[in-house]
Amino acid sequence: MNASPHEDVGGTVGIRPGVSILSVLRHLNYRPWYAIAEFVDNSLQSYLAHKLALQDGRQAIEALRVEISLENDPEPRLVITDNAAGISALDFPRAFRPAAIPTDTSGLSEFGMGMKSAACWFSPRWIVRTKALGEPVERIVTFNIAQIIKDEIEELAIETRPSKPEHHFTEIQLLDLHEPPQGRTVAKIKEHLASIYRMFIRNGEMNIFYKDKELSFDNVGILNAPYYKEPSSDPVTWFKKIDMDFGAGHRVTGFAALRDPGSTTHAGFALFRRNRLIQGSADDGYRPYQVFGAPNRYPYQRLFGELHMEGFEVSHTKDGFRWDDGLEDTFLELLKEELNSAPLPLITQAENFRARKYKADWRSGAEKAVANTADTLEKEAIPVLETERETPPSISELPSELDERTLVTKQERTLEFRNDTWQVTIELTSDAAVSDWLEIRNNEQQPVTADGRVVRHLGIRISLEHPFMQRFCGLSSDEMEPLIRLAVGIALSEVVARESGVLQAGTFRRVLNDLLANALAL
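Residues numbered from 1 in each chain as written. Predicted model: local features only at pLDDT ≥ 70, side-chain atom pairs only at ≥ 80, totals over all residues. Heavy atoms only, no water.

Some words on the sheet that holds strand β15 (residues 276-279)
The criterion, for reference: A pair of strands is treated as paired once DSSP finds two or more bridges between them. Only runs of H or I of at least four residues qualify as helices and only runs of E of at least two qualify as strands under DSSP, and these elements are numbered from the N terminus. For helices, the fitted line uses only the C-alpha atoms of the stretch in contact; every axis is such a line through C-alpha atoms, and the angle between N-to-C directions lies from 0 to 180 degrees. Contact between two residues is taken to exist if any of their heavy atoms lie within 4.5 Å; hydrogens are not considered.
Spatially, the 5 strands line up as an open sheet ordered β12-β13-β16-β14-β15, and their pairing is mixed. Either end of the sheet is taken by a strand with one partner, and the two such strands are β12 (239-247) and β15. Taken over all neighbouring pairs, the strand axes of this sheet differ in orientation by 25° on average, direction set aside. Strand contacts of helix α10 (residues 327-339): β12, β13 (250-258), β14 (268-273) and β16 (303-310), with the helix running at about 145° to β12, the strand carrying the most contacts.

Right, dumping it as structure tokens:
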């Protein structure tokens, strides 16, 4: 389509060559948040390229606003809307043609495939409605991939509507979604998008909304503590700036630090290019073994940072860097050396520092933890307690056996207690069908030893799939062990209470299981 900058009539837009590749874009190895990020990239690039014009005039804006919503009526559809400068008539031919590389590749849109590939990955039908700043019409283009392939369509009709020149926006509707995001995926989309665009959110250039709720990125607490070898010395902040020049145009800047508290899920580096995160967002931090070691090591939980990569190539889906000719090995070797250099050897400190040895002021963390728990108690606990009050007290004996379940691990130990031998089995199960956090069995009489002593078989089972464990239990032994010890303590206490004549002792555990599942895990 040959269009003037102020085209106000209908027409067509060419989508050749490369139409045949549209059918295979569905099979790209995207994650939902990186696919949505392709649309956000286009919005952000449009805003940055026309920032001065957008901040002037009758429809002036102070920041880019991107709205993402998942709608289910009358059919599942994902809608992404922005208030950027829109797609101009001059840009239309390139915007809708596969693999049409933009004339300026120094920004966030560089491969000419982002919108097309992400839209086809999400949906077989999609609609683009856009109004370019300064033009008198809005334009609408509809893609139906099956129809395009079947009829070998090479041009799409453009529907136009009159509009005020000062208006500007783009709306993309993805229809008949292949896999509508739901449940935990929606939460991860919001978390990852806030992480990917944190630099623009921080500096006030961009606001992202998911169903009218603004996304935000929370900064991480940085460890302030003495060097582990000198526990009585003054505390220092374990943060250092990074600036490494590899030559040949490759440079890395940013910072590295130690988290406080540590996290098995959210430690690691975030790697940026042009202020947009490429690798290491949210709970998928960049944690190469050469620097962080194994997941059960403390650097894996403490070390984090933001590194800006200059001169490095990225994948066409912009979810990772292309490390050519051993470049990553060189990068990691120099990075590790820099991280552990004096006077702040971050890796050594992370490996050897133990928070429990340094008792700093706990007030801030304690106040937040208690406040969060109290708020949850106020909002969620009463309905559970009301239900429990109407339930008859537990007067049954402990079962002698527990149902067979899929186990993650099992340990058995022998204890001598009150002239009896106790064989205690501790099991962790990953069976989602187990509804209780804690189960107990007690086989009291068999067998009897030669000297007349009773052998007690006590079984304790803890569910790792329980909502409370999913919410608060990490993957490392340090994070699992306190909850496991608490469960074992409760189990043993109940058994001893029953033996001491306490009536309805099982009611405590039943109510606890219910509260943990339906109130305190939220």
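Back to the text.
Side note on helix α14 (residues 477-499)
For clarity, the threshold we go by: Between the first and last residue of a helix there are one fewer steps than residues, each counted as 1.5 Å, and that sum is the expected span. Only protein chains enter the accessibility calculation, which uses a 1.4 Å probe; a residue is then buried when its area is under 20% of its type maximum, exposed when over 50%, and partly exposed in between.
A rise of 1.5 Å per residue sets the reference length of α14, with its 23 residues, at 33 Å; its end C-alpha atoms lie 32 Å apart and thus fit the reference within 8%. Restricting attention to buried positions, one finds in α14 the residues Met 480, Leu 483, Ile 484, Ala 487, Val 488, Ile 490, Ala 491, Glu 494 and Val 495. Downstream of α14 by one or two residues, Gly 501 has phi in the positive range, about 95°.

Focus: the confidence of the model for the protein chain
Low pLDDT means the predicted atomic positions in that stretch should not be read closely. Defined as follows: For every residue, the predictor reports its confidence as pLDDT, a number between 0 and 100.
In this model, the protein chain carries an average pLDDT of 84, and 83% of its residues clear a pLDDT of 70 or more. Predicted confidence for residues 1-9 stays below pLDDT 50, and this span has 22 contacts to residues more than four positions away or in other chains.

What about the nonpolar core?
So the rule is basically this: Nonpolar cores are built from buried Ala, Val, Leu, Ile, Met, Phe, Trp, Tyr and Cys residues. Side-chain atoms within 4.5 Å join them into one set.
Grouped together as the largest cluster of nonpolar side chains are 59 residues, with contacts concentrated most on Ile 68, Phe 96, Leu 174 and Tyr 197. Per element, the largest residue contribution to this core is 9 residues, and it comes from helix α1 (residues 32-49). In this structure, Ala 225, Met 244, Leu 332 and Ala 350 belong to the second largest nonpolar core, which totals 33 residues.

A few points about the pairing of strand β3 (residues 77-82)
Sheet topology places strand β2 (residues 64-71) next to β3; 6 bridges connect them, and they run antiparallel. Looking across to β3, one finds that Ile 68 is bridged to Ile 80. Examined bridge by bridge, β3 and strand β7 (residues 169-175) share 6 bridges and lie antiparallel to one another. Paired with Thr 81 across the two strands is Glu 171, which belongs to β7.

Comments concerning the packing of aromatic side chains
Note the cut-off: Pairing of aromatic rings covers Phe, Tyr and Trp, the last counted by its six-membered ring, and requires centre-to-centre distances within 6.5 Å; plane angles under 30 degrees mean stacked, over 60 mean edge-to-face, and any other angle means tilted.
Applying the stated criterion to the full structure yields 16 aromatic pairs. Ring centres of Tyr 227 and Trp 238 lie 6.1 Å apart, and the angle between their planes is 35°; on these two criteria the pair is classed as tilted. Taken together, the residues Tyr 227 in the loop between β10 (224-225) and β11 (236-237) and Trp 238 in the loop between β11 and β12 connect sequence positions 11 residues apart. Where Trp 437 meets Phe 468, the ring centres are 6.3 Å apart and the plane angle is 70°; that geometry is what we call edge-to-face.

Examining the packing of α14 against helix α15 (residues 506-518)
Convention followed: Reported orientations rely on four angle classes, namely roughly parallel under 35 degrees, roughly antiparallel over 145, roughly perpendicular from 65 to 115, and oblique for the rest. The nonpolar class holds Ala, Val, Leu, Ile, Met, Phe, Trp, Tyr, Cys and Pro. Asp, Glu, Lys and Arg form the charged class, and all remaining residues, Gly among them, are polar.
Packing of α14 against α15 brings their axes to within 9 Å, and their N-to-C directions diverge by 155°. Taken together, the axis directions place α14 and α15 in an arrangement best described as roughly antiparallel. Contact with α14, carried on its side by Ile 490, Glu 494 and Arg 498, involves Gly 506, Phe 508, Arg 509 and Leu 512 of α15 and no other residues of that element. A class-by-class count of the residues in the contact of α14 with α15 yields 3 nonpolar, 1 polar and 3 charged.

Structural notes on the pattern of salt bridges
Which entries qualify depends on this criterion: Between Lys or Arg on one side and Asp or Glu on the other, a salt bridge is scored when a side-chain nitrogen of the former is within 4 Å of a carboxyl oxygen of the latter.
All chains considered together, the criterion is met by 25 salt bridges. Linking Asp 283 and Lys 188 is a salt bridge whose minimum nitrogen-to-oxygen distance equals 2.7 Å. Separated by 95 residues along the polypeptide, Asp 283 in the loop between β15 and α8 (289-292) and Lys 188 in helix α6 (residues 184-196) bring together distant segments of the chain. Assessed through its relative accessible area of 18%, Lys 188 is described here as buried. Salt-bridge contacts for Arg 509 lead to Glu 494; the nearest nitrogen and oxygen are separated by 2.6 Å. You can see Arg 509 sitting in helix α15 and its partner Glu 494 sitting in helix α14, a full 15 residues away along the chain.

Brief notes about the sheet that holds strand β20 (residues 455-463)
Read from one edge of the open sheet, 4 strands run β17-β18-β20-β19, paired in mixed fashion. Edge positions in the sheet fall to β17 (407-417) and β19 (438-443), since each has one partner strand and no second. Each strand axis lies, on average, 15° off the axis of its neighbour in the sheet, ignoring direction. Note that strand β18 (residues 420-429) and β20 share 9 bridges and pair parallel. Among the inter-strand pairings, Leu 428 is bridged to a residue of β20, identified as Ile 462. The strands touched by α14 within the sheet are β17, β18, β19 and β20, with β20 carrying the most contacts at an inclination of about 140°.

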